[in-house]
Every structure is written in C-alpha cells, then in structure tokens.
Amino acid sequence: MMQIADIIFYLTGLITLSSALMVILTKDIFRAALFLAATFLGVVALFILLFAEFLAAVQLIIYVGAISVVIIFAIMFTKNVKIGNPFSNFRITGFLLGLFMCGLLIISITVFDWDTITTLDTKEMEIVVYAYQNSIYYIGKILVTNLVVPFIASSFILLAAVIGAISLVKERTE
Amino acid sequence: MTLEGFLIISAILFCIGLTGVVIKSNIIAILMSVELMLNSVNIAAVAASRYVPPITLDPSQVLMGNMFAVFVITIAAAEVALGLAIVMSVYKDKQSIFIKDASHLKG
C-alpha cells in the first residue's frame, strides 16, 4: 500500500537527482545553471517533506534566490556560454570514482538496520513533534543561547568573505 | 519515506557532485558541483534530526540537525561569493575560465 506522501517523496527524489545529473552532463553551462536551480527547488521540497519549514524558506531565499543568480551573473560575465561546460581529461576516472563511491554508500546504508536507532517511544515522539511544530521559536532560541559562538563566528566569516570578494574583483588603481 | 530513503537520495546527490568536481574543466561548473555536495549534506543532517530520537528530552536538542544545515548554508554562501570572485579575477588575468589555464601557482 503506497501512501500519497511516499509517491510525492519518490517523485521529488527523482526530479532532484535527474536535474543534478543534468548539471554535470549537459554541455551548455547556462542550462547547467538552470538545472542547478531546479535541483535546489527539489531540495526545498525534500525539506518540506521533512517538516523543516524554516530551512525550506532559507534554502529558497539563499540558494534559489541568491546563489543561482550570482552563478548566472558569473556565467554571463565570462564568454563561451555554448561550449562552456566540457569534460576534463579525467572523465573515465571521474565516472568510475562516482559509481564506486555511490555503490559503497548505498550498500552501507542498506545493510545497516536503521530500525534499531530510529524507533521512537511515545514520549520522544511527542517531543520531536512539539519541537518541529514550534521550530522557528526554538531555532531562534538556540542561536542566541547554545550556539551563540558559532553564530558570531559565522557572521565574521560572512564579513571576511564580502571584504575578500570586493578586494579580489576591484580594479587596481595605482 | 524513511530515514533510509532520505540517506540514499543524499548519498546519490553527493556522488553526483563528486563526479562533477572530477570530470568538469570549467571552474564555475566545479563550483556548482560543490554546491550539490553541500546540499546533500544538508538533507542528511535534517533527516537524521527528524528520525533519530534525541538524547535528552529538550526540544532545542531535537533541532540541532537543522542548525547544522543553517551553518552549512551560511558557509556555502561565503564560499560561492569568494569562489566566483576568484573566477572573475582569473578571467580578467587569462581571459579563460578553464582550470588548465589557471596555473599561476604551478612552479
């Protein structure tokens, strides 16, 4: 008996993975960037299926809204859009490496019995459902209590990245 | 829709990104493959925080996987800004965005 959520899950996974495959297989780099945006949208749908609404919104704003646009701008500023996505000399090696890693990961994931660690008793289930229903409140609370040091550190990293990006691309005036 | 399904999607997405990093010769395409790998890690972290029971019965401990994903997204934004700035800088210098031409540091 297939639930409707399962059908949506398989469709989303199929769309995400096939557009991710098109990113690395298509010759036209502009189309690759559009398929990358499609992959990000598929990841947004997966986050919604996992009940992580805050992360879905963040992913939609930052990845689909900002990073895709910046990548498309970079493609537009550099020439050779039509032939801009060729393979390197390591084509065979890369495909073999990817297939090997993929097989290894899938075998190790399927062999392990996940039911031993994912069975929640009713008390834990209540806590998980409660936390995900009030996720915005608890994410805000974690950011200013438990994880305040990584929060400040990541804001410094963003500041340094902005300054570094500006100083890398600005015109040198002697 | 189990933890196993999400982890398999995440593993395949990671391997697609890994293949893309190796087989592409355009720096922007390599950056796009790196983004795919970072996204796959986010899916794995959020799925684990959803399905694996928390150690303590504190609601803020349940959402730690989501916080992982938030910080990964922050670092990914910084990474793509710096990476594309380096691409533009190389392009101004060599009029090319292929890795075979970006060999300034080769002795």
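None of the values given here were measured: they were computed from a predicted structure.

## Comments concerning the overall build of chain B
Moving on, step 1. If you tally the helices and strands in chain B, you get four helices and zero strands.
Moving on, step 2. Overall, chain B shows an N-to-C arrangement of helices and strands of α-α-α-α.
Moving on, step 3. Scaling as 2.2 N^0.38, a compact globule of 107 residues should have a C-alpha radius of gyration of about 13 Å, whereas chain B reaches 18 Å, well beyond that.
Moving on, step 4. By its C-alpha atoms, chain B is 55 × 25 × 25 Å across when sized along the principal axes.
Moving on, step 5. When burial is assessed residue by residue, chain B has 62% of its 107 residues classed as buried.
Moving on, step 6. In chain B, the proportion of contacts linking residues at least 24 apart, taken out of those at least 6 apart, comes to 62%.
Moving on, step 7. Surface summary for chain B: the accessible area is close to 3,900 Å², and the carbon and sulfur share equals 71%.
Moving on, step 8. Of the side-chain charges in chain B, 6 are positive and 6 negative, and the distance between the mean point of each set is 12 Å.

## Side note on the interface of chain A and chain B
Moving on, step 1. Taken together, the contact between chain A and chain B spans 87 residues of the former and 69 residues of the latter.
Moving on, step 2. The junction of chain A with chain B conceals about 7,300 Å² of combined surface from both sides, 81% of it contributed by carbon and sulfur atoms.
Moving on, step 3. Of all residues in chain A, A:Ile24, A:Leu50 and A:Tyr132 bury the most surface against chain B, accounting for 9% of the area lost on that side.
Moving on, step 4. There are zero salt bridges connecting chain A and chain B.
Moving on, step 5. Taken together, the connections running from chain A to chain B amount to five residue pairs in polar contact (both at pLDDT 80 or more).
Moving on, step 6. Listed by contribution, the elements that provide at least two residues to the side of chain A that touches chain B are α1 (4-25), α2 (29-49), α3 (53-77), α4 (91-111), α5 (115-118), α6 (122-133), α7 (135-144) and α8 (148-169) of chain A.
Moving on, step 7. Top element by residues in the side of chain A that touches chain B is α3(A). It accounts for twelve residues.

## Details of the layout of surface pockets
Moving on, step 1. Empty space within the largest pocket amounts to approximately 260 Å³.
Moving on, step 2. Lining of the largest pocket is provided by 14 residues; of these, A:Val70, B:Ala81, B:Leu84, B:Ala85 and B:Met88 occupy positions nearest its centre.
Moving on, step 3. At the level of secondary structure, the elements contributing two or more residues to the lining of the largest pocket comprise α3 and α8 of chain A together with α4 (64-94) of chain B.
Moving on, step 4. Of the residues belonging to the lining of the largest pocket, the class tally is 14 nonpolar, no polar and no charged.

## So, the side chain of A:Thr16
Moving on, step 1. When you line up the elements, A:Thr16 lands in helix α1.
Moving on, step 2. Setting aside residues up to four positions removed in sequence, A:Thr16 forms contacts with A:Thr39, A:Gly42, A:Val43 and A:Leu46.

## Overview of a nonpolar patch on the surface
Moving on, step 1. A surface patch of nonpolar side chains, about 500 Å² in accessible area, is lined by A:Phe151, A:Ile152, A:Phe156, A:Leu159 and A:Ile163.
Moving on, step 2. Within the element layout of this structure, A:Ile163 appears in helix α8.

## What to know about the nonpolar core
Moving on, step 1. Membership of the largest hydrophobic core comes to 56 residues, with the highest contact counts inside it found for A:Leu55, A:Ile71, B:Phe6, B:Ile28 and B:Met32.
Moving on, step 2. Counting residues per element, the ones that place at least two in this core are α1, α2 and α3 of chain A together with α1 (3-23), α2 (27-51) and α4 of chain B.
Moving on, step 3. Broken down by element, the residue count for this core peaks at eleven residues, all from α2(B).
Moving on, step 4. A:Tyr132, A:Ile142, B:Leu63 and B:Met64 belong to the second-largest nonpolar core, a separate cluster that totals 14 residues.

## Some words on the packing of aromatic side chains
Moving on, step 1. As enumerated under the stated definition, the model contains eight aromatic pairs over all chains in all.
Moving on, step 2. On the basis of an interplanar angle of 35° and a centroid distance of 6.2 Å, the ring pair of B:Phe6 and B:Tyr51 is categorised as tilted. Of this pair, B:Phe6 sits in helix α1 while B:Tyr51 sits in helix α2, placing them 45 residues apart in sequence. The pair formed by B:Phe6 and B:Tyr51 is uniform in burial state, with each residue classed as buried.
Moving on, step 3. Grouped by ring-pair contacts, the aromatic residues A:Phe9, A:Tyr10, B:Phe6 and B:Tyr51 constitute a single cluster.
Moving on, step 4. For the cation-ring pair, B:Arg50 lies above A:Tyr132, with the distance from its terminal atom to the ring centre recorded as 4.8 Å.

What counts, and at which threshold
Residues numbered from 1 in each chain as written. Chains lettered and ligands numbered in written order. Predicted model: local features only at pLDDT ≥ 70, side-chain atom pairs only at ≥ 80, totals over all residues. Heavy atoms only, no water. Helix = DSSP H or I, 4+ residues; strand = E, 2+ residues; numbered from the N terminus. Rg over C-alpha atoms; globule rule 2.2 N^0.38 Å. Buried < 20%, exposed > 50% of the residue type's maximum accessible area, 1.4 Å probe, protein only. Contact = heavy atoms within 4.5 Å. Areas by Shrake-Rupley, 256 points an atom, 1.4 Å probe, with all protein chains shown as cover. Lys, Arg positive; Asp, Glu negative; His and termini not counted. Charge placed at Lys NZ, Arg CZ, Asp CG, Glu CD. Buried area = accessible area lost by both parts, 1.4 Å probe. Salt bridge = Lys/Arg side-chain N within 4 Å of Asp/Glu carboxyl O. Polar contact = N/O pair within 3.5 Å; in protein donor to acceptor, adjacent residues only side chain to side chain. 1 Å grid on protein atoms, 1.4 Å probe; cavity = no way out; pocket = protein on both sides within 12 Å on 5 of 7 lines; lining within 4 Å. Points joined across faces, edges and corners; volume = space filled by probe spheres on them. Nonpolar A, V, L, I, M, F, W, Y, C, P; charged D, E, K, R; others polar. Patch = residues over 30% accessible without salt bridge, like charges linked within 9 Å, V, L, I, M, F, W, Y side chains within 5 Å. Core = buried A, V, L, I, M, F, W, Y, C linked by side-chain atoms within 4.5 Å. Phe/Tyr/Trp six-rings, centres within 6.5 Å; stacked < 30°, edge-to-face > 60°. Lys NZ or Arg CZ within 6 Å of the ring centre and 35° of its normal.

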